[in-house]
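# Observations on the model geometry
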Amino acid sequence: MLRTLSFLVLLALAAPAFAQSDAMAPLSAFEGTYALDGEPHGADGSFDGTLTITPILGGHFQQWDWNMTMRGDGFSEPALLRFIVDHDAATGGYTIHRFDSRDADSPTRSAGALDP
């Protein structure tokens, strides 16, 4: 009886963790590695590289690793970015934590009811 009760208590404590993982399920369709080749919004130039999207920490978060080269008028600059995406159960939206090798002062968090 004590073993069954202990199991039920552990299951009840773990329930919120399972719910968060389920909330990330709509984003799983984007997992994989993509080739990048395009033009930045609002700026002249181009970029190319790769984007790799993977689940991390048991599927409770998603990691987006960007490895790009930015090109413009006579310059070429490597750019490494990492986005960590999580689900905010209070708002029902997703939060993105952004890290950029080129700009330590850039905003690192954006939130909203993003459409997965």
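Now for a description of the structure that goes with this document. (Residues numbered from 1 in each chain as written. Predicted model: local features only at pLDDT ≥ 70, side-chain atom pairs only at ≥ 80, totals over all residues. Heavy atoms only, no water.)

So, on to the packing of aromatic side chains. A full pass over the atoms with the stated rule returns two aromatic pairs. Plain terms: the ring middles of Trp66 and Phe83 are 5.5 Å apart, the flat faces sit at 55 degrees to each other, and that makes the pair tilted. One end of the pair, Trp66, is in strand S3 (residues 61–72); the other, Phe83, is in strand S4 (residues 75–88), and 17 residues separate them in sequence. Considered together, Trp66 and Phe83 belong to a single accessibility category, that of buried residues. Ring-pair connections join several aromatic residues into one group, and the members of that group are Trp64, Trp66 and Phe83. (Phe/Tyr/Trp six-rings, centres within 6.5 Å; stacked < 30°, edge-to-face > 60°. Helix = DSSP H or I, 4+ residues; strand = E, 2+ residues; numbered from the N terminus. Buried < 20%, exposed > 50% of the residue type's maximum accessible area, 1.4 Å probe, protein only.)

Any two side chains of opposite charge can pair, so long as their charged atoms come close to each other. Tallying each qualifying case throughout the model produces three salt bridges. Of the charged contacts, one joins Arg71 and Asp48 as a salt bridge, the two residues approaching to 2.7 Å between their closest N and O atoms. A residue pair is termed long-range when its members are at least 10 positions apart, and Arg71 in strand S3 and Asp48 in strand S2 (residues 46–56) qualify at 23 residues. Relative accessible area serves as the criterion here: at 34%, Arg71 is assigned to the partly exposed category. Among the ionic pairs, Arg98 bridges to Asp100, the shortest N-O distance being 2.8 Å. (Salt bridge = Lys/Arg side-chain N within 4 Å of Asp/Glu carboxyl O.)

This part covers the environment of Ala35. For Ala35, the position within the fold is in strand S1 (residues 32–38). Under the relative-accessibility criterion, Ala35 is labelled exposed at 75%. Here the alpha-carbon distance between Ala35 and Met68, two residues 33 residues apart in the chain, equals 9.7 Å.

Note: S2 against S3, eleven bridges, orientation antiparallel. Within the sheet, the bridge partner assigned to Thr50 lies in S3 and is Asn67. Connecting S2 to the next strand, S3, in antiparallel fashion are four residues, including Leu57 with a positive phi near 50 degrees. The pairing of S3 with S4 spans eleven bridges and is classified as antiparallel. Among the inter-strand pairings, Met68 is bridged to a residue of S4, identified as Ala79. Following S3, the chain reverses through two residues before pairing antiparallel with S4; Gly74 in that reversal takes a positive phi of roughly 80 degrees. (Pairing = 2+ DSSP bridges.)

Such coordinate-based values are descriptive only and should not be taken to indicate function.
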